[in-house]
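Fold and contact review
In case you want the letters, here they are:
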Amino acid sequence: THLTFGREFMRAIESKQVASQEAERQQWVVKKAEQERQAVVTRAQGEAEAAAIITNAMETTGNAIIEVRRIDAAKEIAAKLANSRNIVYLPSGQGQSGGGQGGGSSPGLLLSI
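For clarity, every value in this text was computed on a predicted model and none was experimentally measured.

1. Section: the packing of helix 1 (residues 7-61) against helix 2 (residues 64-82)
Helix-helix packing: each pair is described by the crossing angle between the helix axes and the interaxial distance. At their nearest, the axes of helix 1 and helix 2 sit 8 Å apart, and the two run at 115 degrees to each other. Contacts from Ile 54, Ala 57, Met 58 and Thr 61 in helix 1 reach Ala 64, Ile 65, Ile 66 and Arg 69 in helix 2. A class-by-class count of the residues in the contact of helix 1 with helix 2 yields six nonpolar, one polar and one charged.

2. Some thoughts on the pattern of salt bridges
Considering all chains together, one arrives at three salt bridges under this definition. When the shortest N-O distance is used, the salt bridge between Arg 37 and Glu 34 registers 2.7 Å. Placement of the pair is Arg 37 and Glu 34 together in helix 1, with a separation of three residues, close to one helical turn. Given a relative accessible area of 44%, Arg 37 falls into the partly exposed group. Given the relative accessible area of 42%, Glu 34 is considered partly exposed.

3. Quick word on helix 1
Here helix 1 spans 80 Å end to end across 55 residues, near enough to the 81 Å set by a 1.5 Å rise per residue. Of the residues one or two after helix 1, Gly 62 is the one with positive phi, at around 80 degrees.

4. Observations regarding a nonpolar patch on the surface
A cluster of nonpolar side chains, Leu 3, Phe 5, Phe 9, Met 10 and Ile 13, forms an exposed patch at the surface whose accessible area comes to about 530 Å². Relative to the elements of secondary structure, Ile 13 occurs in helix 1.

The rules we used
- Residues numbered from 1 in each chain as written.
- Predicted model: local features only at pLDDT ≥ 70, side-chain atom pairs only at ≥ 80, totals over all residues.
- Heavy atoms only, no water.
- Axes fitted to C-alpha atoms, helices over the stretch in contact; angles between N-to-C directions.
- Helix = DSSP H or I, 4+ residues; strand = E, 2+ residues; numbered from the N terminus.
- Contact = heavy atoms within 4.5 Å.
- Nonpolar A, V, L, I, M, F, W, Y, C, P; charged D, E, K, R; others polar.
- Salt bridge = Lys/Arg side-chain N within 4 Å of Asp/Glu carboxyl O.
- Buried < 20%, exposed > 50% of the residue type's maximum accessible area, 1.4 Å probe, protein only.
- Expected span 1.5 Å × (residues − 1).
- Patch = residues over 30% accessible without salt bridge, like charges linked within 9 Å, V, L, I, M, F, W, Y side chains within 5 Å.
- Areas by Shrake-Rupley, 256 points an atom, 1.4 Å probe, with all protein chains shown as cover.

Structural data, given as structure tokens:
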């Protein structure tokens, strides 16, 4: 009870398997592209909602949210500088903030971190 198939039959089976695998791969590519598209849409919706929330907060509280963000950014920068081994020049912010102490030409700060 030993059966053998011809070469053409074996090639046909192999071709069918290859075609089936390629079809599955193409389905996977389509699903992946759909998921990526959905992720972009979701991200854009989130960013739009965040912008609306920030706008609403600025309308009700003024520029306080900008100051909070400035403080958060300063904390992040300070944390990065604390972990750095570089020498960093930090200019004084007196001329930018509008309020100053007398002369207004305060030197910056040179840190060896």
